Amino acid sequence: HVQLVESGGGSVQAGGSLRLSCGASGYTYNIKRMAWFRQAPGKEREGVAAISGGSTYYADSVKGRFTISQDTAKNTVYLQMNSLNAEDTAMYYCAAGRTYGGWRLGFASEYNYWGQGTQVTVS
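Below or above, wherever it landed, is the structure these notes cover. (Residues numbered from 1 in each chain as written. Predicted model: local features only at pLDDT ≥ 70, side-chain atom pairs only at ≥ 80, totals over all residues. Heavy atoms only, no water.)

## A short note on the sheet that holds strand S1 (residues 2-7)
The strand order across the open sheet formed by four strands is S1-S3-S8-S7, and the pairing between neighbours is antiparallel. At either margin of the open sheet sits one strand with a lone partner, and together these are S1 and strand S7 (66-71). Going from strand to strand, the sheet's axes swing by 15 degrees on average, the running direction of each strand aside. Pairing of S7 with strand S8 (residues 76-81) involves six bridges; the strand directions are antiparallel. Within the sheet, the bridge partner assigned to Thr67 lies in S8 and is Gln80. (Pairing = 2+ DSSP bridges. Helix = DSSP H or I, 4+ residues; strand = E, 2+ residues; numbered from the N terminus. Axes fitted to C-alpha atoms, helices over the stretch in contact; angles between N-to-C directions.)

## Some words on the pattern of salt bridges
Throughout the structure, instances matching the rule amount to six salt bridges. Notably, a salt bridge pairs Asp88 with Arg65, separated by 2.8 Å at the nearest N-O pair. On the criterion of sequence distance, the pair formed by Asp88 in the loop between S8 and strand S9 (90-97) and Arg65 in the loop between strand S6 (55-58) and S7 is long-range, its members being 23 residues apart. Its relative accessible area of 15% is what places Arg65 among the buried residues. Put simply, Arg38, Glu46, Arg65 and Asp88 are held in one network by salt bridges that share partners. (Salt bridge = Lys/Arg side-chain N within 4 Å of Asp/Glu carboxyl O. Buried < 20%, exposed > 50% of the residue type's maximum accessible area, 1.4 Å probe, protein only.)

## A few points about the side chain of Ser21
Secondary-structure assignment places Ser21 in strand S3 (residues 18-26). Note on Ser21: relative accessible area 18%, which makes it buried. When residues no more than four places from it in sequence are discounted, the contact partners of Ser21 are Val5, Glu6, Ser7, Trp36, Thr76, Val77 and Tyr78. (Contact = heavy atoms within 4.5 Å.)

## Remarks on the environment of Ser52
Among the secondary structure elements, Ser52 is positioned in strand S5 (residues 46-52). Judged by its relative accessible area of 12%, Ser52 falls in the buried class. Among all residues touching Ser52, those that are not within four sequence positions of it are Lys32, Arg33, Tyr57 and Tyr100. A distance of 3.2 Å separates a polar atom in the side chain of Ser52 from the backbone oxygen of Lys32. (Polar contact = N/O pair within 3.5 Å; in protein donor to acceptor, adjacent residues only side chain to side chain.)

## As for the packing of aromatic side chains
For the coordinates displayed, the defined rule picks out four aromatic pairs. Measuring from ring centre to ring centre gives 5.8 Å for Tyr27 and Tyr29, while their planes differ by 90 degrees; the resulting arrangement is edge-to-face. A relative accessible area of 43% means that Tyr27 is categorised as partly exposed. The exposure class assigned to Tyr29 is exposed, which follows from its relative accessible area of 63%. Here Tyr111 and Trp114 contribute two aromatic rings whose centre-to-centre distance is 6.5 Å and whose plane-to-plane angle is 70 degrees, an arrangement assigned as edge-to-face. A relative accessible area of 5% places Tyr111 in the buried class. Chaining the aromatic ring pairs together yields one cluster made of Phe37, Tyr111 and Trp114. (Phe/Tyr/Trp six-rings, centres within 6.5 Å; stacked < 30°, edge-to-face > 60°.)

Take a look at the structure:
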C-alpha cells in the first residue's frame, strides 16, 4: 500500500555533504514514523535517523552531522548529511512504519515499508 523511493546518493570526498530524499506514495495516511537506515557490506543494518510525532532521533554516530526533516505536503523526508567520512559509506534505505515507536529510533524490524536504497560512497 505504500511505496518509498530514495534518491540523492552518490560519491563524495571526506568532509563533503549530500542530501538524500525519500518520496512516499500510496496509502500514506497510515504512516506514523519514517526513518533512514544504512547497511555496509558485512555489517548489520543500522538505524541512522527517524522522525515521528514532530520529534527526531539519531544514532550516536551521526548526531551533530546529519539532520532528518520532512515536507508533509510532498510526502517526502530528507536526510541532510554533513561532514561525511569513510565510515558513512553504505547503502541508505528509507523506511516507514504504521505505528509509533516511543521515544527512540527503533529497530529495522519495526518498520513496515522500505525503499530500494541509494548508495553513498565517501572517499
